[in-house]
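Structural features, examined
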Amino acid sequence: MSERQRANHQLSAGRDEIAVVGAGLAGCLLACFLARRGYPVALYERRPDPRIGTPERGRSINLALSERGLDALRRIGLHDEVLAEALPMRGRMIHPVVGAPQLQPYSAGGDLAINSIGRGALNNALLAAAAKLPGVRVVFDHRLVGLDPATGEMAFETPQGPVTANAEVVLGADGAGSAVRGQLLEHDLLTESADFLDYGYKELTIPPLGGDFALDPGALHIWPRGTSMMIALPNPDRSFTCTLFWPTHGTASFASLGSRAAIERYFAQHYPDVPPLAPNLVDDYQHNPIGLLGTVRCDPWQAGGRVGLLGDAAHAIVPFYGQGANCAFEDVVELDRCLDECADDWSAALPLYQHRRQDNAEAIAQMALTNFVEMRDKVASPVYQTRKKLEHALERALPGRYVSEYELISFATLPYAQVQRRVRRQYQVVGAVAAGVLAALAGAAVALGRGRRR
Ligand SMILES: Cc1cc2nc3c(=O)[nH]c(=O)nc-3n(C[C@H](O)[C@H](O)[C@H](O)COP(=O)(O)OP(=O)(O)OC[C@H]3O[C@@H](n4cnc5c(N)ncnc54)[C@H](O)[C@@H]3O)c2cc1C
């Protein structure tokens, strides 16, 4: 018996095996947390090992990783390793159609940053961490196609044909199109809804320019264009991954723009600083896929204390607050906490986990939708820019007492639903103070007018 098999055997002598379906971001992190608790874990992934082979074209997706995600990584000792692959972004760089780009810092002090990291790099780091833990078995090329929620019996498609397996607890971390959720639905154990936007996303690349970054690498770049936008995040190889968020149909949409000449004309008119920096723009545009954007909700998130859902499988959200993965990581931390509090009684821990997370997932789903309008439209308006400056001034004047929504979401771990409530209260107080100041100013003006007339 090898060292690893012996460790597995010792662990499984104490605890039953847990199946985690999906070796994506949430699944790999979850495997690490469960292995730390002493569970033997089988981590099933439909794809081959992503550390071998080339990534899919136009699906690199770099993520903004912020405090909620970093907090989870810190707990398993991966924080420093992951941040070494990331680039800090301290604000939004707004690119108008005409004129120079302007930086809008994320925090009052201008020092706090979210971190740009490739989803593949983050996934690989988590996968490597999970795979080297005693007790974790990573099983690639296994697509879950069947699940009996009462017995934990699973059916997989593999390149060698159908395979079955069994586990005491099955956790679905298999993303927005979750097969585990689909199986619970088939067994009438949950309800689900999916609200898709009339928008899609497509990636383009801005390569290094003369060996260096073509744009400021310390910012998340936004080209707000009212009903649509483009963003760009820096990569360690000094390139930028740009993402177009455009309507799928209608005028000025992915559907309306196809020919080389039309694409060149459109970008020259609406994104004039981009074509000189993106030599493969037309090729990227014509060949990269269009991704869907939507919000998935389901209820409950668990069945019989034996099957549970985490991350996008439980609550996929639109990406406009940069929180999908951060939120998925928080799920894992919360489930771990619930297992602590319930002495590893899964039938108590899974309902408690759902109870604590569901409102928070709904809150960030709503805030992410609202933030789309802010990013594609409001950030360009002088009124918004003045409001942001006032907000930062308030933060400096009332440290800890007035904190912007963005900072509470990205640089803190206050539960999302509490952020929503706190921000509403802050706006009410600021609104009342502003109304009082305006009333006082109006009163003073009237008094001054009367004085002059006398
Ligand atoms: C354009 C875009 C930008 C984004 N930007 C950000 C950002 O800035 N910050 C942020 O925090 N989040 C961002 N997100 C969201 C983030 O990517 C997701 O929330 C995150 O990947 C969810 O992790 P997950 O592990 O739940 O699901 P996934 O990462 O989707 O992983 C699911 C895994 O399950 C596997 N799988 C699927 N079906 C099966 C099956 N039947 N059997 C076995 N395995 C299966 C998949 O192959 C995959 O490995 C963005 C998303 C998009 C689309």
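About the criteria used
Residues numbered from 1 in each chain as written. Predicted model: local features only at pLDDT ≥ 70, side-chain atom pairs only at ≥ 80, totals over all residues. Heavy atoms only, no water. Phe/Tyr/Trp six-rings, centres within 6.5 Å; stacked < 30°, edge-to-face > 60°. Helix = DSSP H or I, 4+ residues; strand = E, 2+ residues; numbered from the N terminus. Buried < 20%, exposed > 50% of the residue type's maximum accessible area, 1.4 Å probe, protein only. Lys NZ or Arg CZ within 6 Å of the ring centre and 35° of its normal. UniProt positions renumbered as here; feature names shortened; annotations may be inferred. Axes fitted to C-alpha atoms, helices over the stretch in contact; angles between N-to-C directions. Parallel < 35°, antiparallel > 145°, perpendicular 65-115°, else oblique. Left-handed = near helix turned anticlockwise from the far one by under 90°. Contact = heavy atoms within 4.5 Å. Nonpolar A, V, L, I, M, F, W, Y, C, P; charged D, E, K, R; others polar. Domains from an automatic or database assignment. Near = heavy atom within 4 Å. Polar contact = N/O pair within 3.5 Å; in protein donor to acceptor, adjacent residues only side chain to side chain.

Comments concerning the packing of aromatic side chains
Tallying each qualifying case throughout the model produces 20 aromatic pairs. Between Y106 and Y406, the ring centres sit 4.5 Å apart and the planes meet at 5°, which makes this aromatic pair stacked. One end of the pair, Y106, is in the loop between β6 (102-105) and β7 (114-118); the other, Y406, is in helix α13 (residues 405-410), and 300 residues separate them in sequence. In this structure Y106 comes out as buried when scored by relative accessible area, which is 5%. For Y406, a relative accessible area of 10% corresponds to the buried category. Relative to Y353, the ring of W301 lies with its centre 5.8 Å away and its plane at 55°, an arrangement referred to as tilted. Here W301 is found in the loop between β17 (291-299) and β18 (302-303), whereas its partner Y353 is found in helix α11 (residues 346-376), with 52 residues between them in sequence. Summarising the burial analysis for this pair, W301 and Y353 share the class buried. Grouping aromatic residues by their ring pairs yields a cluster made of W246, F254, Y266, F267, Y271 and Y285. The ring of Y285 is capped by K202, whose NZ or CZ atom sits 4.8 Å from the centre of that ring. The positively charged end of R225 is found above the aromatic ring belonging to Y271, 5.1 Å away from the centroid.

Observations regarding the UniProt feature "transmembrane region" (unreviewed entry) in the protein
Here the UniProt feature "transmembrane region" (unreviewed entry) sits at residues 427-448. The span residues 427-448 carries 100% helix and 0% strand; its end-to-end C-alpha distance comes to 31 Å.

Considering the packing of helix α2 (residues 25-36) against helix α5 (residues 119-131)
Between α2 and α5, the shortest axis-to-axis distance is 8 Å and the interhelical angle comes to 25°. Of the possible angle classes, the one that applies to α2 and α5 is roughly parallel. Relative to α5, the crossing made by α2 is left-handed. Seen from α2, the contacting residues are L25, C28, L29, A31 and C32; seen from α5, they are R119, L122, N123, L126, L127, A129 and A130. Considered class by class, the residues forming the contact of α2 with α5 number ten nonpolar, one polar and one charged.

Things to note about unusual backbone geometry
With an omega dihedral of -10°, the bond running from D299 to P300 counts as a cis peptide bond. Backbone geometry at A252 places phi at a positive 50°, although glycine is not the residue there. Looking at the element boundaries, A252 is found in the loop between β16 (240-247) and α7 (260-270). The class of A252 is partly exposed, set by a relative accessible area of 35%.

Quick notes on the domain arrangement of the protein
Here the protein is partitioned into domain 1 (3-88 + 113-192 + 297-373), domain 2 (196-292) and domain 3 (382-453). For domain 2 and domain 3, the distance between their C-alpha centres works out to 35 Å.

Observations regarding the site of the ligand
Around the ligand sit 30 residues, and of these A26, E45, A64, D312 and A325 come closest. R47 is positioned with one of its side-chain polar atoms (N or O) 3.1 Å from an oxygen atom of the ligand. Contributions of two or more residues to the shell around the ligand are made by α2, β3 (62-65), β9 (143-148) and α10 (324-341). Broken down by element, the residue count for the shell around the ligand peaks at three residues, all from α10. Broken down by class, the residue content of the shell around the ligand amounts to 14 nonpolar, nine polar and seven charged.

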